[in-house]
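Listed here are the chains, written in short residue letters.
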Amino acid sequence: MTTNLDRLMTLIVLLAATAGCGAPVERSDVLITNARLIDGTGGVQEGAMIAISGDRIEGIFSEGEPREGDLTIDAGGRTVMPGLIDSHVHVIVDRTVVDQETLDEYIENSAKRNLADFLAHGVTTIKSAGDPEDAILELRQLIEEGKVEGPRLLVVGPVLSAPGGHPSVTLFADNSWVRERLVAEMARVEDVKETIDRLAGKGVDGVKIVYQGSDDGSQTYLYGDRISIRRLPREIMEAIIEESHRHGLRVTAHTFEEEGVIPVVEAGVDSLEHGVVVKSPVSETVVEMLREAGVFYIPTLQVFRAAEARGRAMANLKQLSEAGVKIVLGTDTVGSTPAGANTISEAERMVEAGMSPAQVIQAATRTAAEHLGRGDDLGTLETGKLADLIIVEGDPLENISVLRTPWMVMKDGRVVVDNRQE
Ligand SMILES: [Zn+2]
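Residues numbered from 1 in each chain as written. Predicted model: local features only at pLDDT ≥ 70, side-chain atom pairs only at ≥ 80, totals over all residues. Heavy atoms only, no water.

Caption draft 1: Broad picture of unusual backbone geometry. Along the chain, histidine 166 connects to proline 167 via a cis peptide bond; the corresponding omega equals 5°. With respect to the secondary-structure elements, proline 167 resides in the loop between strand E9 (159–161) and helix H4 (176–182). Across the junction of serine 280 and proline 281, the peptide omega takes the value 0°, indicating a cis bond. The residue threonine 300 is not glycine, and still its phi comes out positive at about 40°. The topology assignment puts threonine 300 in the loop between strand E14 (296–298) and helix H9 (307–322). Positive phi values are uncommon outside glycine, yet aspartate 332 reaches one of about 65°. The residue aspartate 332 is located in the loop between strand E15 (326–327) and helix H10 (341–353) in this model. (Helix = DSSP H or I, 4+ residues; strand = E, 2+ residues; numbered from the N terminus.)

Written as structure tokens, this is what we have:
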């Protein structure tokens, strides 16, 4: 039998339970508290809270909001920023790979470790700028399904080049197995549609052409043994760009010379890998073309080991960055190059070339995401975007090298690297 006293006691208990918290507490899967936030849109927010639900950012709040998380991470005032993007890597290219068996071995023993190393250095997205076609698509699938741990992988499949072009007659001159799978050698304009249809059908994220050398092969490779390189005929290059765009695929072009840059930009290419490296400075006409067309420029400074070439690449980067050309970080990491660590080394080289740490961070986050056509999902920490983020000690805006040892890395809202001292 319920008495008035019982009812009164129930009411008092209920009042006591809600007393002291005016608003109801909002609950998220993950809540990062006490963060110094570099969201990637410019500026720094002290005392931020980042709420994550599933794989996306639910909201960004100020400290003191009534919020809780199933998992709460106290960042302790450390810097939280978007995960890094390396826009030029080769995941399964190595001199040991010569057939299916050695490829499988390489993936098992080396590529998987490299993918983990990218994550360990805060690199949560990579773009394969040319790998054996079916194998790289399969690896992307395995990462998406969570069967292989690694950064988000975007792929172009093979590179499209001329018969007798780079890398067929340079890197893979003695390796026909990889050459056949990594290079689509385009001899006739009639073949373009079939090739792009095939790649689009397999779901590539973009298309890459190599536009280096000359029509008659009189140009030689920048390194090594004066190997003559044939360039794609101009009408084939133009057809590739047109056909790719018809499929909604962005096109990136490997170039070394201004003679290569001008025609691809005129044909509507979206980005340049390496860019202009055989001369310095870049001519004002080309600088203006790149800025006007909004072409993304991926300098891959570390490719150029000889002091002279490195010097030109760095000077050209400084010139183009100051002129307002959109710069994107890419390393050309391949084989036994230390994955991830190399990405941070490239960031350091870009600072050394004259960019500010803030500009370099932008080149590895927001601008890189735009370059990939993934600006809606990636590159900044904002409500609704994918929760790919890193937490680092120290201030990367002062010292880019603090990125070398992240305290925590999160991809798709999941902690994938945790260096907290328990
Ligand atoms: Zn490359």
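Caption draft 2: How the structure looks around the pattern of salt bridges. Per the stated rule, a full pass over the model turns up 34 salt bridges. Across the pair aspartate 55 and arginine 56 runs a salt bridge, and its minimum N-O distance is 4.0 Å. A relative accessible area of 30% places arginine 56 in the partly exposed class. The residue glutamate 145 makes a salt bridge to lysine 147 at a minimum N-O spacing of 2.9 Å. Residues joined in a network through salt bridges with shared partners are Asp55, Arg56, Arg374 and Asp377. (Salt bridge = Lys/Arg side-chain N within 4 Å of Asp/Glu carboxyl O. Buried < 20%, exposed > 50% of the residue type's maximum accessible area, 1.4 Å probe, protein only.)

Caption draft 3: Layout of helix H8 (residues 284–293). Looking only at H8, the buried set comprises Val286, Val287, Met289 and Leu290. Buried residues of H8, seen end-on, are gathered within an arc of 160° and therefore sit on one face of the element. Residues of H8 that are exposed and angled more than 90 degrees away from the buried face: Glu284, Thr285 and Glu292. Buried residues along H8 sit in contact with helix H7 (258–266), strand E13 (271–273), E14 and H9. Just downstream of H8, glycine 294 is the residue with a positive phi angle, here 65°. (Arc of directions from axis to C-beta. Contact = heavy atoms within 4.5 Å.)

Caption draft 4: Spatial organisation of the sheet that holds strand E6 (residues 84–89). The strand order across the open sheet built from three strands is E6-E7-E8, with neighbouring strands paired in parallel fashion. Edge positions in the sheet fall to E6 and strand E8 (152–155), since each has one partner strand and no second. When strand polarity is set aside, the average angle formed by the axes of neighbouring strands in this sheet is 20°. One ladder, built from four bridges, connects strand E7 (residues 123–128) with E8; its direction is parallel. By the bridge assignment, serine 128 is partnered in E8 with valine 155. (Pairing = 2+ DSSP bridges. Axes fitted to C-alpha atoms, helices over the stretch in contact; angles between N-to-C directions.)

Caption draft 5: Structural view of the sheet that holds E9. With respect to topology, seven strands assemble into an open sheet ordered E10-E9-E11-E12-E13-E14-E15, the strand pairing being parallel. The open sheet has two edge strands with one neighbour each: strand E10 (183–185) and E15.

Caption draft 6: Focus on the packing of helix H6 (residues 234–246) against H7. Running from N to C, H6 and H7 cross one another at 45°; their axes reach a closest spacing of 9 Å. Looking at the two axes, H6 sits oblique to H7. Considering how the two elements wind past one another, H6 and H7 form a crossing that is right-handed. Contacts between H6 and H7 involve Arg234, Met237 and Ile241 from the former and Pro263, Val264 and Glu266 from the latter. Here the contact of H6 with H7 is built from residues that sort into four nonpolar, no polar and two charged. (Parallel < 35°, antiparallel > 145°, perpendicular 65-115°, else oblique. Left-handed = near helix turned anticlockwise from the far one by under 90°. Nonpolar A, V, L, I, M, F, W, Y, C, P; charged D, E, K, R; others polar.)

Everything listed here is a matter of coordinates, which is why it stays silent on function.
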